[in-house]
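Coordinate inspection notes
Each chain, written out:
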Amino acid sequence: DAKTTQPTSMDCAEGRAANLPCNHSTISGNEYVYWYRQIHSQGPQYIIHGLKNNETNEMASLIITEDRKSSTLILPHATLRDTAVYYCIVIARFGAGTRLTVKP
Amino acid sequence: GAGVSQSPRYKVAKRGQDVALRCDPISGHVSLFWYQQALGQGPEFLTYFQNEAQLDKSGLPSDRFFAERPEGSVSTLKIQRTQQEDSAVYLCASSLETPGQQVNYEQYFGPGTRLTVT
C-alpha cells in the first residue's frame, strides 16, 4: 500500500516555481522520502531524497516539515521539459503521483 | 556507464502462455526491485531482492508470478498462464545498498517491458 498522498494534477507557468506537496503522515523515523518523476514511456527518474533536513541539488529542492508528516518538492524555474508525473515515495511504495503540466 | 536494461522491451502473449521478463541491473548494485505499472497508474511494488535473497515478495499479485535472481545479478520475472489483467509495463530498478542504512536507497530504473496479453 502506498504510504503517500499527492494531488492528482497541477499546472505551472513556464519560468515560475513549481511546488508539489506530498503527505506521508505514517512515515517512520528512519524512512526517507524520495521523489521521482516519469516522463511518458520512460522509467521513473530519481530527483531528490531526504530524511529530516531540507535538501537541494541541481534539479530541485526538498522541504520536509519538522514533524516529517509532509514535504514539498520545489522546481525553482519550471520549463516545458519538466512536464511529467511526479512521485513522492516511501520504502518503494509509489502512489498515483501528481501530473505536473508546465504551460508557456 | 551502462544503466539498467530490460528485455524484451515489448512482449505480446496469448492468454494462458507463460512469459519471462529479464532485468540486467547496474553492475555492483545489491538491491533489485520489480514493479508493475498499469496504464495511467503509478508503479506498484512487486518484489525486492538483496543480492540473491528475495526479501520481500508481498506485492506479487498471485502465485502465477515468480521472480528469481539466482546469482545476485540478473533477475527474471516469470508469469505463468498469463491473463489479460497482467497487461502492463513491468519495471525493474536497482540500487546500491548503503551499509547500515537499509532504508536509504536511490533506485535506477530500466525502460520497462510492455506486456500485452491478448
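Residues numbered from 1 in each chain as written. Chains lettered and ligands numbered in written order. Predicted model: local features only at pLDDT ≥ 70, side-chain atom pairs only at ≥ 80, totals over all residues. Heavy atoms only, no water.

Remarks on the pattern of salt bridges
All names here are of chain B.
- Using the criterion set out here, one finds seven salt bridges over all chains in the structure.
- With its nearest N and O atoms 2.7 Å apart, the salt bridge here joins Arg-22 to Asp-24.
- Judged by relative accessible area, Arg-22 falls into the partly exposed class, the value being 38%.
- Given a relative accessible area of 22%, Asp-24 falls into the partly exposed group.
- The partner of Lys-78 in a salt bridge is Glu-68, with the nearest N and O atoms 3.3 Å apart. With Lys-78 in strand 8 (residues 75–79) and Glu-68 in strand 7 (residues 65–68), this pair connects stretches of sequence that are 10 residues apart. (Salt bridge = Lys/Arg side-chain N within 4 Å of Asp/Glu carboxyl O. Buried < 20%, exposed > 50% of the residue type's maximum accessible area, 1.4 Å probe, protein only. Helix = DSSP H or I, 4+ residues; strand = E, 2+ residues; numbered from the N terminus.)

Structural notes on the nonpolar core
Residues and elements named next belong to chain A.
- Of all hydrophobic cores here, the largest spans 21 residues; its most connected members are Trp-35, Leu-73, Tyr-86 and Leu-100.
- When residues of this core are traced back to their parent elements, those giving at least two are strand 2 (18–23), strand 3 (33–38), strand 4 (45–50), strand 6 (61–64), strand 7 (70–75), strand 8 (84–89) and strand 9 (98–103).
- The residues touching Leu-100, leaving out its near neighbours within four places in the chain, are Met-10, Asp-11, Cys-12, Ala-18, Leu-20, Leu-75, Asp-82, Thr-83, Ala-84 and Tyr-86. (Core = buried A, V, L, I, M, F, W, Y, C linked by side-chain atoms within 4.5 Å. Contact = heavy atoms within 4.5 Å.)

Looking at the pairing of strand 2 of chain A
Residue and element names in this part refer to chain A.
- Only one face of strand 2 is buried: it carries Ala-18, Leu-20 and Cys-22, and the other face, with Asn-19, Pro-21 and Asn-23, is open.
- Here strand 2 runs beside strand 7; their pairing, made up of six bridges, is antiparallel. In the sheet register, Ala-18 faces strand 7, and the bridge partner there is Leu-75. (Pairing = 2+ DSSP bridges.)

What about the sheet that holds strand 5 (residues 55–56) of chain A?
All names here are of chain A.
- Taken in spatial order, the four strands line up as 2-7-6-5 in an open sheet, and their pairing is antiparallel. Two strands close off the open sheet at either side, each with one partner strand: strand 2 and strand 5.
- For strand 5 and strand 6, the ladder comprises two bridges, and the chain directions are antiparallel. Opposite Glu-55, over in strand 6, you have Leu-62 as the bridge partner.

Comments concerning the environment of A:Gly29
Residue and element names in this part refer to chain A.
- Along the chain, Gly-29 turns up in the loop between strand 2 and strand 3.
- When the C-alpha positions of Gly-29 and Asp-67 are compared, they lie 9.9 Å apart, and in sequence the two are 38 residues distant.
- Here Gly-29 is in contact with Leu-51 and Arg-68, once residues within four sequence places are set aside.

Structural notes on the state of the cysteines
- Following the criterion strictly, the structure yields two disulfides over all chains and no others.
- The side chain of A:Cys22 participates in a disulfide bridge whose partner is A:Cys88; the two sulfur atoms lie 2.1 Å from each other. Between A:Cys22 and A:Cys88, the S-S torsion sits near -75°, and that sign places the bridge as left-handed. With A:Cys22 in strand 2 and A:Cys88 in strand 8, this pair connects stretches of sequence that are 66 residues apart. Comparing A:Cys22 with A:Cys88, the two get one shared label, buried.
- Across the disulfide, B:Cys23 is cross-linked to B:Cys92 (sulfur-sulfur distance 1.8 Å). Taking the sign of the S-S torsion, -65° for the link of B:Cys23 and B:Cys92, the bridge is left-handed. (Disulfide = S-S within 2.5 Å.)

Honestly, that's just the spatial picture; any functional story needs more than this.
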